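Secondary and tertiary structure notes
The chain contents come next:
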Amino acid sequence: QTLVYNPNTNYIKRLDFAALADSKMVVDGGNKLTVLTSDGVKNEIVHIDPATDEIVARKELAGITLDQWGARLEYHNGNLYFNAVDENYKSLIYRYTISTEELTLAFKPESVVYLYCMGIYNGNIVICDAVDFVQSGNVYEFSPSGTQINKFKAGICPNFVFGLDF
């Protein structure tokens, strides 16, 4: 279940969907709280109006398999980016344009083994790859179209990207 907490009123509201355990909620450009949801069969992007705590829009992600290691959700410049996997469990990055409700495959990062974290920095997508969860992982920087810009080694299971690019 998903709960929305208003610290100003100490009010907690239960919403009718389950946010993915490893996913995060983001605030989109329309100041809506946005989250990836799944009931194990149907996957959706859900937009919540924080003023009313009501669900204002849903986008079903038909035919898309979200990553069992955790779906990552990021917002940048009118687009939501999230990861999924193909039938061979290879990572895929999708782009959802909020204004047009268009969902497209942004790119397939061939070099990524286990997408463990994703973030946006300077408009580029940064992916932390845990490799095998034992040896040093990799951090990749890709353009929004999927061109690899940078790669460097990190510690075991790199799992956090922080950028001041909103």
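Note that the structure is predicted; figures quoted are calculated from it, not measured.

Conventions and cut-offs
- Residues numbered from 1 in each chain as written.
- Predicted model: local features only at pLDDT ≥ 70, side-chain atom pairs only at ≥ 80, totals over all residues.
- Heavy atoms only, no water.
- Helix = DSSP H or I, 4+ residues; strand = E, 2+ residues; numbered from the N terminus.
- Buried < 20%, exposed > 50% of the residue type's maximum accessible area, 1.4 Å probe, protein only.
- Contact = heavy atoms within 4.5 Å.
- Pairing = 2+ DSSP bridges.
- Phe/Tyr/Trp six-rings, centres within 6.5 Å; stacked < 30°, edge-to-face > 60°.
- Core = buried A, V, L, I, M, F, W, Y, C linked by side-chain atoms within 4.5 Å.
- Salt bridge = Lys/Arg side-chain N within 4 Å of Asp/Glu carboxyl O.

So, about the environment of Ala130. Along the polypeptide, Ala130 turns up in the loop between strand S13 (124–129) and strand S14 (136–142). We classify Ala130 as buried; its relative accessible area is 0%. With 25 residues separating them in the primary sequence, Ala130 and Gly155 have C-alpha atoms 9.0 Å apart.

So, on to the environment of Lys32. Mapped onto the fold, Lys32 is located in the loop between strand S3 (26–27) and strand S4 (33–38). In this structure, the C-alpha to C-alpha distance between Lys32 and Asp53, residues 21 residues apart in sequence, is 9.8 Å. Beyond its immediate stretch of four places on either side in the chain, Lys32 contacts Val26, Val27, His47, Ile48, Asp49, Pro50 and Val56.

On to the sheet that holds strand S6 (residues 54–60). Reading across from one edge, S3-S4-S5-S6 is the order of the four strands in this open sheet, with antiparallel pairing throughout. Each edge of the open sheet carries a strand with a single partner, namely S3 and S6. Of the strand pairs in this sheet, S4 and strand S5 (residues 43–49) are connected by six bridges, and their pairing is antiparallel. Bridged to Leu33 within S5 is Ile48.

Right, let's get into the packing of aromatic side chains. This model, assessed by the stated rule, comprises three aromatic pairs. Geometrically, the ring pair formed by Phe82 and Tyr94 is stacked, given 5.5 Å between the ring centres and 15 degrees between the ring planes. Of the two residues, Phe82 sits in strand S9 (residues 79–85) while Tyr94 sits in strand S10 (residues 91–97), which places them 12 residues apart along the sequence. Each member of the pair, Phe82 together with Tyr94, is buried. With a centroid separation of 5.1 Å and an interplanar angle of 40 degrees, the aromatic rings of Phe107 and Phe142 are classed as tilted.

Counting 14 residues, the largest nonpolar core has Leu36, Ile45, Leu61, Ile64 and Phe82 as the members making the most contacts within it. When contributions to this core are tallied by element, the ones reaching two or more residues are S9 and S10. With 11 residues, the next largest nonpolar core counts Val112, Met118, Ile120 and Ile125 among its residues.

It is worth spelling out the pairing of S6 at this point. With six bridges connecting them, S5 and S6 associate as antiparallel partners. Each residue of the ladder has a partner; that of Ile45, found in S6, is Lys59. Where S5 hands over to S6, the hairpin turn is made up of four residues, of which Asp53 adopts a positive phi near 65 degrees.

A word on the pattern of salt bridges. Using the criterion set out here, one finds three salt bridges in the structure. Lys42 is paired through a salt bridge with Glu44; the nearest N and O atoms lie 3.9 Å apart. Ionic contacts of the salt-bridge type, sharing partners, join the residues Lys42, Glu44 and Arg58 into one network.

Before going further, it helps to spend a moment on the pairing of strand S11 (residues 102–107). The pairing of S10 with S11 spans five bridges and is antiparallel. The residue bridging Tyr94 from the neighbouring strand is Leu105, located in S11. Between S10 and S11, which pair antiparallel and follow one another directly, the connecting turn spans four residues, one of which, Glu101, has a positive phi of 60 degrees.

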